[in-house]
Amino acid sequence: MKKLAMTAGFALAMGMSAAAMAHPTNSGYVTDSEDTVWRNNFGECWHTGFWSKDDATVEGCDGYVASTTAAPAPAPAPAPAPMPAAMTDKKFAVFFDFDSAVVDSVSDIATYIKGMSSVSSVRMVGNADPIGSSAYNDALSKRRAENVAAALRAQGVSGNVMTVDYLGETAPVAQCSGRGAALIACLRADRRVDVQITGK
């Protein structure tokens, strides 16, 4: 009887000690001053007298295993909005025989224009070499520009975006000397229509 009383007293003392050592972080378990849960020789965690199944939140105690679910991956950053295409300028030159306004071909220019997403303007500027009178060369350069515009319209380019201008012999690019056929051949660069295309 005395032995039973001693055992009960020991158990009561342990329960009180355990209750005194219970820590709010590991509620329901007996811990030391560093909040380490006490374990018996079998590795089992010691409960306080107030332990319940809701206290089974200590990893390795009473079958509890901490969740290993990975944090959700961050949502991908939204793709940057595409920048609007910048307007660009492209220049072509159409050359002519001496004293002629006959257009050979504008197919490369028409192909380029048709490949654009939008066309703001197509400007034709006619030029002439300095052989002949200034008035005659003005008229010739104008006819050349008008004929290039007509050729582009025939290739399917809208006339609404076209403008026609002319400079006569006032914008030479050739540096020539001599006379006769050699001079005429050298001045070919001045017998032209400059085509400037603006768009995307």
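The rules behind the values
Residues numbered from 1 in each chain as written. Predicted model: local features only at pLDDT ≥ 70, side-chain atom pairs only at ≥ 80, totals over all residues. Heavy atoms only, no water. Core = buried A, V, L, I, M, F, W, Y, C linked by side-chain atoms within 4.5 Å. Buried < 20%, exposed > 50% of the residue type's maximum accessible area, 1.4 Å probe, protein only. Helix = DSSP H or I, 4+ residues; strand = E, 2+ residues; numbered from the N terminus. Contact = heavy atoms within 4.5 Å. Arc of directions from axis to C-beta. Phe/Tyr/Trp six-rings, centres within 6.5 Å; stacked < 30°, edge-to-face > 60°. Lys NZ or Arg CZ within 6 Å of the ring centre and 35° of its normal. Disulfide = S-S within 2.5 Å. pLDDT = per-residue confidence, 0-100. Pairing = 2+ DSSP bridges.

Novice: Can you explain the nonpolar core? Please cite residues and give values.
Specialist: Ile109, Val122, Met124, Val148, Leu152 and Val195 are the most contacted members of the largest nonpolar core, which totals 22 residues. Going through the elements one at a time, strand S1 (88–95), helix H2 (107–114), strand S2 (119–126), helix H3 (134–154) and strand S4 (192–199) are the ones with two or more residues in this core. With five residues, the top contributor of residues to this core is H3. Dropping the residues within four chain positions of it, Leu152 is found in contact with Val106, Ile109, Ala110, Val122, Met124, Val157 and Met162. Counting six residues, the second largest nonpolar core, distinct from the first, contains Val37, Cys45, Ala56 and Cys61.

Novice: Can you tell me about H2, naming the residues and giving the values?
Specialist: All buried positions along H2 are accounted for by Ile109, Ala110 and Ile113. Down the axis of H2, the buried side of the element spans an arc of 95 degrees, and every buried residue falls inside it. Buried-residue contacts for H2 involve S1, S2, H3 and S4.

Novice: How would you explain the packing of aromatic side chains if you had to name every residue and give the values?
Specialist: Applying the stated rule across the entire model yields one aromatic pair. A cation over a ring is seen here: Lys90 above Phe92, with NZ or CZ 5.5 Å from the ring centre. Over the aromatic face of Tyr112 sits the side chain of Lys90, whose NZ or CZ is 5.9 Å from the ring centroid.

Novice: Would you mind going over the environment of Ala154 in detail, with residue names and values included?
Specialist: As for its position among the elements, Ala154 is in helix H3. Linking Ala154 and Ala110, residues 44 residues apart in sequence, is a C-alpha distance of 9.5 Å.

Novice: I'd love a proper account of the state of the cysteines, names of residues and values included.
Specialist: Counting across every chain of the model gives two disulfides. Listing the disulfide partners of the protein chain by sequence rank of the bonded cysteines yields 1-2, 3-4.

Novice: Break down the confidence of the model for the protein chain for me, with residues and values.
Specialist: Confidence along the protein chain averages 82 in pLDDT terms, with 80% of residues attaining 70 or more. Per-residue pLDDT stays below 50 along residues 1–22; that stretch engages in 12 contacts with residues further than four places along the chain or on separate chains.

Novice: So what's going on with the pairing of S4? Residues and values would help.
Specialist: Taken across its eight residues, S4 has six buried, putting it largely inside the fold. Note that S1 and S4 share eight bridges and pair antiparallel. Paired with Lys90 across the bridge in S4 is Ile197. Two elements, S2 and S4, share seven bridges in a ladder whose sense is antiparallel. What sits directly across from Val125, in S4, is Asp194.

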